[in-house]
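Each chain, letter by letter, is given below.
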Amino acid sequence: MNNSRKVAGVAGLVSMVWVGVTAAIAANQRRLVFNPTIKPEVDNPRSSGHRTRAIVLRARDGTKLSGWLMTPQIPGPHPAVVYFGGRSEEVSWVVRDAGKLFPGMAVLAVNYRGYGNSHGEPAEAHMVEDGRLLFDWLAERPHVDPQRVAVVGRSLGSGVAVQVALERPVHSLVLITPYDSILAIAKRKFRAVPVEYVLRHRFESVKYASALTAPTYVLRAAFDDIVPHSHTDLLVAKLGKLHLDETVPDSDHMNIPYLAATQERIAAFLSTRFALPLADTVVAAALPAQ
């Protein structure tokens, strides 16, 4: 009897811990999925290859989104790029490096809600909706060729980029350390917790991958303990228009976008794609705005 009571007591304690951990993940998932960085990575950022202008846009619900618009020095219209950052990324560094990353291209880099000087709270639904708005806004600029607008997403932002590319006529797509889904990574990390029942921000890129029609360039880190290569493999296997899947030497999940090897690869891919006649490119048809 005593042993039975001990077993029951241990089982009860384990159940309490399990429930507590599950509740903690449910309550703190915004912090677990997002880690907003407010402090700018670069003070007073300027691109050596562009005119640089700080901008403030309003989301559809009125939330202020802050970032930068960079335009080439010579008259347009120019090809263009919308950049979506990672989980802890404040995007002012993109302005500093835009001359190397995006030569001859207009560039829009805006911080997510709650990041940098952007207002509000981050959430998957908001990031995707705001991403569509940013794409549309950039494509409407008089100095931009609306048929040549690419999307670049890093890490968490790859999930935003994929969903924007699904619903907008994205010319080309660059995914840096992408994943199949945040849900799958969370299930790998919290094996004993039913995260599928509590996680709201899932970023399930693998569900949309086969429907993508934009030529897609995947860049992996050589050493990645945040997004294991197996999770990238699952996404790559489903991509509808994979152009190239490369691993950047001597890179890890944190330093990959800053490396010269990465920046040269991205610049070369986009420059080559944008130089092709439109008849030779696959341009996704835009779905009705949401």
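Presented here is a report on the structure given in the accompanying data block. This structure is a prediction, so every number in the text was calculated from the model and none was measured.

### Here's the deal with the packing of aromatic side chains
Two measures describe an aromatic ring pair: the distance that separates the ring centres and the angle between the ring planes.
Turning to step 1, where the next piece is worked out: Following the criterion strictly, the structure yields five aromatic pairs and no others.
Turning to step 2, where the next piece is worked out: Here Phe34 and Phe203 contribute two aromatic rings whose centre-to-centre distance is 6.2 Å and whose plane-to-plane angle is 75 degrees, an arrangement assigned as edge-to-face. A residue pair is termed long-range when its members are at least 10 positions apart, and Phe34 in the loop between helix H1 (2-33) and strand S1 (50-58) and Phe203 in the loop between helix H5 (182-189) and helix H6 (205-208) qualify at 169 residues. In this structure, Phe34 and Phe203 share a single accessibility class: buried.
Turning to step 3, where the next piece is worked out: Here the aromatic residues Tyr83, Trp93 and Tyr258 are joined through ring pairs into a cluster of three or more.

### Remarks on the pairing of S1
Turning to step 1, where the next piece is worked out: In this structure, S1 lies alongside strand S2 (residues 64-72), joined through nine bridges in antiparallel fashion. Note on S2: the bridge partner recorded for Ala54 is Trp68.
Turning to step 2, where the next piece is worked out: Once S1 ends, the chain turns through five residues before running back antiparallel as S2, passing Gly62 with a positive phi of about 95 degrees.

### Regarding the packing of helix H2 (residues 92-101) against helix H8 (residues 260-275)
Turning to step 1, where the next piece is worked out: Axis separation between H2 and H8 bottoms out at 9 Å; the angle between their running directions is 60 degrees. Between H2 and H8, the interaxial angle falls into the category oblique. Within the contact between the two elements, H2 uses Trp93, Asp97, Lys100 and Leu101 and H8 uses Gln263, Ile266 and Ala267.
Turning to step 2, where the next piece is worked out: Each residue belonging to the contact of H2 with H8 can be placed in one class, and the counts come to four nonpolar, one polar and two charged.

### Considerations on the sheet that holds S2
Turning to step 1, where the next piece is worked out: Here we have eight strands laid out as an open sheet, ordered S1-S2-S4-S3-S5-S6-S7-S8, and mixed in their pairing. The outermost strands of the open sheet, each flanked by one partner alone, are S1 and strand S8 (242-252). With strand direction ignored, the average angle separating the axes of adjacent strands in the sheet is 20 degrees.
Turning to step 2, where the next piece is worked out: In the sheet, strand S3 (residues 78-84) pairs with strand S4 (residues 106-110) via four bridges, with the strands oriented parallel. In the strand pairing of S4, Val81 is matched with Val107.

### What to know about unusual backbone geometry
Turning to step 1, where the next piece is worked out: Positioned with a positive phi, Asn44 is a non-glycine residue whose angle comes to about 50 degrees.
Turning to step 2, where the next piece is worked out: The exposure class assigned to Asn44 is exposed, which follows from its relative accessible area of 74%.
Turning to step 3, where the next piece is worked out: Its identity is not glycine, yet Thr177 carries a phi of approximately 45 degrees, on the positive side.
Turning to step 4, where the next piece is worked out: Mapped onto the secondary structure, Thr177 falls in the loop between strand S6 (173-176) and H5.
Turning to step 5, where the next piece is worked out: According to the relative accessible area criterion, Thr177 is buried, its value standing at 2%.

Thresholds, definitions, all that
- Residues numbered from 1 in each chain as written.
- Predicted model: local features only at pLDDT ≥ 70, side-chain atom pairs only at ≥ 80, totals over all residues.
- Heavy atoms only, no water.
- Phe/Tyr/Trp six-rings, centres within 6.5 Å; stacked < 30°, edge-to-face > 60°.
- Helix = DSSP H or I, 4+ residues; strand = E, 2+ residues; numbered from the N terminus.
- Buried < 20%, exposed > 50% of the residue type's maximum accessible area, 1.4 Å probe, protein only.
- Pairing = 2+ DSSP bridges.
- Axes fitted to C-alpha atoms, helices over the stretch in contact; angles between N-to-C directions.
- Parallel < 35°, antiparallel > 145°, perpendicular 65-115°, else oblique.
- Contact = heavy atoms within 4.5 Å.
- Nonpolar A, V, L, I, M, F, W, Y, C, P; charged D, E, K, R; others polar.

The values reported here are purely geometric and, on their own, carry no functional implication.
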